[in-house]
There are 2 protein chains.
Amino acid sequence: MRGIAQQLGTGAASLYAHVSGKEELLELVFDELVGRVALPEPDPLTWREQLHRMAFDLRAILLSHRDVALAGLGRVPSSPKVLRAAEAVVAVMRAGGLSDRVLALGLEQFLLFIAASAFEDSLYDARMTADELAVYFQEVHDFYERLPADRFPVLASIAETMSGPDDVERFEFGMTALLAGFEAMSRSG
Amino acid sequence: MRGIAQQLGTGAASLYAHVSGKEELLELVFDELVGRVALPEPDPLTWREQLHRMAFDLRAILLSHRDVALAGLGRVPSSPKVLRAAEAVVAVMRAGGLSDRVLALGLEQFLLFIAASAFEDSLYDARMTADELAVYFQEVHDFYERLPADRFPVLASIAETMSGPDDVERFEFGMTALLAGFEAMSRSG
DNA sequence: ACCTGAACACCGTTCAAGT
DNA sequence: ACCTGAACACCGTTCAAGT
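The rules behind these values
One numbering rule holds for all chains: residues counted from 1, following each sequence as written. Numbering of ligands from 1 and lettering of chains from A proceed in the order in which they are written. Thresholds applied to this predicted model are a pLDDT of at least 70 for local features of residues and 80 or more for the giving and counting of side-chain atom pairs; totals over whole chains, interfaces and linings are not thresholded and use all residues. Calculated side-chain values reflect all of the structure's heavy atoms, with hydrogen atoms and water omitted. Take a side-chain nitrogen of Lys or Arg and a carboxyl oxygen of Asp or Glu: if they are within 4 Å of each other, that pair is a salt bridge. Segments assigned H or I by DSSP are reported as helices when at least four residues long, segments assigned E as strands when at least two residues long, and all are numbered from the N terminus. Exposure classes here rest on a 1.4 Å probe applied to the protein chains alone. A residue is buried below 20% of its type maximum, exposed above 50%, and partly exposed in between. To line up the copies, we fit them by least squares on C-alpha atoms, keeping just the residues with pLDDT of at least 70 in both. Contacts are assigned to residue pairs with any non-hydrogen atoms lying within 4.5 Å of each other. In this scheme, a helix's expected span is set at 1.5 Å multiplied by one less than its residue total. Directions are taken from the helix axis to each C-beta atom, and the arc is the one they span. Summary of the distance rule: residues count as near a molecule or strand when at least one heavy atom falls within 4 Å of that molecule or strand. Whenever a nitrogen or oxygen atom comes within 3.5 Å of another N or O atom, the pair is scored as a polar contact, on the condition that within protein one atom can donate a hydrogen and the other can accept it, and that pairs from neighbouring residues in sequence are kept only if both atoms are in side chains. Ten residues, namely Ala, Val, Leu, Ile, Met, Phe, Trp, Tyr, Cys and Pro, are considered nonpolar, four, namely Asp, Glu, Lys and Arg, are considered charged, and the remaining ones, Gly among them, are considered polar. For helices, the fitted line uses only the C-alpha atoms of the stretch in contact; every axis is such a line through C-alpha atoms, and the angle between N-to-C directions lies from 0 to 180 degrees. For this classification, under 35 degrees means roughly parallel, over 145 means roughly antiparallel, 65 to 115 means roughly perpendicular, and everything else is oblique. Crossings are classed by handedness, with left-handed meaning an anticlockwise turn of the near helix from the far one by less than a right angle and right-handed meaning a clockwise turn.

Mind showing me how you'd approach the pattern of salt bridges here?
Side chains carrying opposite charge are able to pair once their charged atoms draw close together. Residues and elements named next belong to chain A. Evaluated as defined, the whole model comprises 21 salt bridges over all chains. Among the ionic pairs, Arg59 bridges to Asp121, the shortest N-O distance being 3.0 Å. Here Arg59, found in helix α3 (residues 47–63), pairs with Asp121, found in helix α6 (residues 100–127); they are 62 residues apart in sequence, far enough to count as distant. For Arg59, a relative accessible area of 2% puts it in the buried group. Note on Asp121: relative accessible area 9%, which makes it buried. A salt bridge links Arg59 to Asp167, with the shortest nitrogen-to-oxygen separation between them at 3.3 Å. Of this pair, Arg59 sits in helix α3 while Asp167 sits in helix α10 (residues 167–187); the two residues are 108 residues apart in sequence, bridging distant segments of the chain. Sharing partners across several salt bridges, the network here consists of Glu32, Arg36 and Lys81.

Got a minute to help me understand the relation of the copies chain A and chain B in this structure?
Applying a rotation about an axis and a shift along it to one chain copy brings it onto the other copy. Expressed as a screw transformation, the operator carrying chain A onto chain B has a rotation angle of 180° and an axial translation of 0.0 Å, and the superposed copies differ by an RMSD of 0.0 Å. Taken together, the rotation angle and the small translation identify this as a two-fold axis. Across chain A, the smallest distance between a C-alpha and the rotation axis is recorded for A:Gly181, namely 2.0 Å. Here 100% of the interface residues in chain A have copies in chain B that are interface residues too; the copies meet face to matching face.

Help me out: how do you make sense of helix α7 (residues 130–145) of chain A in this one?
Helical geometry note: an α-helix holds 3.6 residues per turn, so side chains three or four residues apart project in the same direction. All names here are of chain A. Taking 1.5 Å of rise per residue, 16 residues should cover 22 Å, and α7 covers 23 Å from first to last C-alpha, within 8% of that figure. Among all positions of α7, only Phe137, Val140, His141 and Tyr144 are buried. One face of α7 carries all of its buried residues, which in axial projection span an arc of 100°.

I keep staring at the environment of B:Leu62 and nothing clicks. Help me out?
All names here are of chain B. Within the fold, Leu62 resides in helix α3 (residues 47–63). Leu62 gets classed as buried once you look at its relative accessible area, which sits at 0%. Along the chain, Leu62 and Ser117 lie 55 residues apart, while their C-alpha atoms are 9.4 Å from each other.

Where do I start with the protein's contact with DNA strand C in this structure?
In the vicinity of DNA strand C, the contacting residues are A:Arg2, A:Thr10, A:Ala13, A:Ser14, A:His18, B:Met1, B:Arg2, B:Ala12, B:Ala13, B:Tyr16, B:Gly21 and B:Lys22. The sugar-phosphate share of atoms of DNA strand C within 4 Å of the protein amounts to 51%. Contact distances for DNA strand C include 2.6 Å between a phosphate oxygen and a side-chain N or O atom of A:His18. Within the side chain of B:Arg2, one N or O atom sits 2.3 Å away from a base nitrogen of DNA strand C. For the surface near DNA strand C, the residue count by class is five nonpolar, four polar and three charged.

So what exactly am I meant to see when it comes to the side chain of B:Arg59 here?
A distance of 3.3 Å separates a polar atom in the side chain of B:Arg59 from a polar atom in the side chain of B:Asp167. In this view, B:Arg59 contacts B:Ile114, B:Ala118, B:Asp121, B:Asp167, B:Val168 and B:Phe171; residues no more than four positions away in its chain are not counted.

So what exactly am I meant to see when it comes to the packing of helix α5 (residues 80–95) of chain B against helix α6 (residues 100–127) of chain B here?
Residue and element names in this part refer to chain B. Between α5 and α6, the least distance of the axes is 10 Å, while the angle of their chain directions is 135°. Comparing the axis directions of α5 and α6 gives the class oblique. The handedness of the crossing between α5 and α6 comes out as right-handed. Contacts from Ala86, Val89, Val90, Met93 and Arg94 in α5 reach Asp100, Leu103, Gly106, Leu107 and Phe110 in α6.

Help me out: how do you make sense of the environment of B:Leu147 in this one?
Assignment of secondary structure puts B:Leu147 in the loop between α7 (130–145) and α8 (153–157). A residue is classified by how much of its surface remains accessible, and B:Leu147, at 8% relative accessible area, is buried. Expressed as a C-alpha distance, the spacing of B:Leu147 and B:Gly181, which sit 34 residues apart in the sequence, is 32 Å. Leaving out residues up to four positions away in the same chain, B:Leu147 has contacts with A:Leu83, B:Phe152, B:Leu155 and B:Ala156.

Teacher, can you tell me more about the protein's contact with DNA strand D here?
DNA strand D sits among A:Met1, A:Arg2, A:Ala12, A:Ala13, A:Tyr16, A:Gly21, A:Lys22, B:Arg2, B:Thr10, B:Ala13, B:Ser14 and B:His18. Close to the protein, within 4 Å, the atoms of DNA strand D are drawn from sugar and phosphate at a rate of 51%. Contact distances for DNA strand D include 2.8 Å between a phosphate oxygen and a side-chain N or O atom of B:Ser14. Residues belonging to the surface near DNA strand D are distributed by class as follows: five nonpolar, four polar and three charged.

Written out as structure tokens, the structure reads:
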């Protein structure tokens, strides 16, 4: 509040003439940021790529707005630009042949996953530079590799694979898994 | 800090003799809470149920500890009880025949999803009672049902399905999707 | 209706001083 | 080593007073 007011060349109290409080302001910013995501024309052939692109775009935008990413959690889409984006998401899902139940429940999980990933990654970005992050992951790798094999056999055996992928690859993995799960659940009813 | 110190019958400053700060304290509490989750003996037949149960248990515990749930995001498992739990999770995944790549990347997504869901649901719990929540979801349902069908045809058509399931069913849906995705990705390499 | 400065009730953390 | 009270630098929000 204070920071935003300062950027506007005024005091924090002045904001309350336009906005009920911090929560409403975050919702407005969230709406604005979601509005920047390009919405595709649903295509039954490339629907997977379309969802991936929307997810990646939103994640990239939220990455530099940690508080907004957090506000994206626990919010039912109701603001105008978020609604348009939500409609685009379920439209693409339907084009992909997903069931109505998966559309209805999957929409929320889709958004939850994007916002949570963005928040998580923004924490690392805030805490350290790219170089420090590389060092940190090297330490984590060493730590896992040296875990006592009698108590942590599985963790120790996958240490190599755990520390390899960067944040983008992790995100894409999670999103791929989620979408593959949606497909599987649509087929099984 | 102040609240915890008060519960201990002392001042906030005294905590800094035992803990470096809020972050470390949250990590200790997170470790303690994760330690309460029952860890099963990996079973190739019921591995899905085993993962579901661990996930649900942890979610239930984190539900009443919002700040700790948030601290669970963006943290590489390294404290003792979290490590034991992580080993159990990947051991069950391996018993289920999931690939090493899915174990390594899936572990993080599994935890991310649980913590994010718990945080999200704890927001609703904090903001309103069960009765108010029912009213709120009824309003959301009405809102979606009345969306202009020309601009939001898909959202309007799934309004009924969107407002039905409660938070537990949503969580189970998301977890089922994630695990189904892990399976699909393990098969495809 | 819109803005303002000052104050209020909170944070987490630091620090000099104690035992 | 452990604890303490007071202070510091922050929050978001309220409120009486201005235009």
